[in-house]
Amino acid sequence: MPRNYTILGQANPTANTLTKLYGVPAGNSAVISSINIANLDANAAAFSIAANVSGVATANANYLAWRVAVPGNDSISLSLGITLNASSQLSVNANTSTVSFSAFGTEMY
């Protein structure tokens, strides 16, 4: 099974808007090995991360992290090892537009 080790997605979402960070292409699967969350402002912020099947509304059960605090001018790195099947997606949200997200991992096709 061929693999592609890569940056899977990067986003700087609008405040309080759940935004797709990465979607697994049809016929593929993926492992999200890590996510970096950077707060680009001096004020503290909070973020959330959800994983679910594409096309299905995000529900409470889909959240991996909920309103986690990230200090001002700081970042948090999460080592996850999350496996996603075809058409699944990883979504992110923050309470301010000064938080950016990067997901790293492997696509298998």
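Residues numbered from 1 in each chain as written. Predicted model: local features only at pLDDT ≥ 70, side-chain atom pairs only at ≥ 80, totals over all residues. Heavy atoms only, no water.

Time to look at the overall build of the protein. Summing up its helical and strand segments, the protein has zero helices and eight strands in all. Each helix and strand of the protein, ordered N terminal to C terminal, gives the series β-β-β-β-β-β-β-β. For the protein, whose C-alpha radius of gyration is 14 Å, the value lies close to the compact-globule estimate of 13 Å for 109 residues. For the protein, the residues scored as buried account for 40% of the 109 residues in total. Contacts in the protein between residues at least 24 apart in sequence constitute 82% of all its contacts with a sequence separation of at least 6. (Helix = DSSP H or I, 4+ residues; strand = E, 2+ residues; numbered from the N terminus. Rg over C-alpha atoms; globule rule 2.2 N^0.38 Å. Buried < 20%, exposed > 50% of the residue type's maximum accessible area, 1.4 Å probe, protein only. Contact = heavy atoms within 4.5 Å.)

Taken in spatial order, the four strands of this open sheet run β2-β7-β4-β5, and their pairing is antiparallel. Only two strands of the sheet have a single neighbouring strand rather than two, namely β2 (19-23) and β5 (63-70). Here the average twist between neighbouring strands, direction ignored, is 20°. With seven bridges connecting them, strand β4 (residues 45-53) and strand β7 (residues 88-94) associate as antiparallel partners. (Pairing = 2+ DSSP bridges. Axes fitted to C-alpha atoms, helices over the stretch in contact; angles between N-to-C directions.)

Bringing the nonpolar core into the picture now. Judged by nonpolar contacts, the single largest core of 24 residues is most densely connected at Ile-32, Phe-47, Ile-49, Leu-90 and Phe-101. Apart from residues no more than four positions distant in its own chain, Ile-49 is found in contact with Ile-35, Ile-37, Asn-62, Tyr-63, Leu-64, Ala-65, Leu-78, Leu-90, Ser-91 and Val-92. (Core = buried A, V, L, I, M, F, W, Y, C linked by side-chain atoms within 4.5 Å.)

Take the sheet that holds strand β8 (residues 99-108) next. As summarised here, the arrangement of the four strands in space is β1-β8-β3-β6, forming an open sheet in which the pairing is antiparallel. Each edge of the sheet is formed by a strand with only one pairing partner; in this case those strands are β1 (3-11) and β6 (75-84). Adjacent strand axes in the sheet meet at a mean angle of 15° when their direction is disregarded. Relative to β8, strand β3 (residues 29-39) runs antiparallel, the two being bridged by ten bridges. Within β8, the position partnered with Ser-34 by the bridge is Phe-104.

How two aromatic rings sit relative to each other is set out by the distance from centre to centre and by the angle between their planes. Taken as a whole, this structure holds two aromatic pairs when the rule is applied. Geometrically, the ring pair formed by Phe-47 and Phe-101 is edge-to-face, given 6.1 Å between the ring centres and 75° between the ring planes. Pair noted here: Phe-47 is in strand β4 and Phe-101 is in strand β8, with a separation of 54 residues, a long-range link. The exposure classification of Phe-47 matches that of Phe-101, with both residues buried. Pairing Tyr-63 with Trp-66 gives two aromatic rings, centres 4.9 Å apart and planes at 80°, and the pair type is edge-to-face. On the basis of relative accessible area, Trp-66 is assigned to the partly exposed category, the value being 47%. (Phe/Tyr/Trp six-rings, centres within 6.5 Å; stacked < 30°, edge-to-face > 60°.)

Don't take any of this as a statement about function, it's just geometry.
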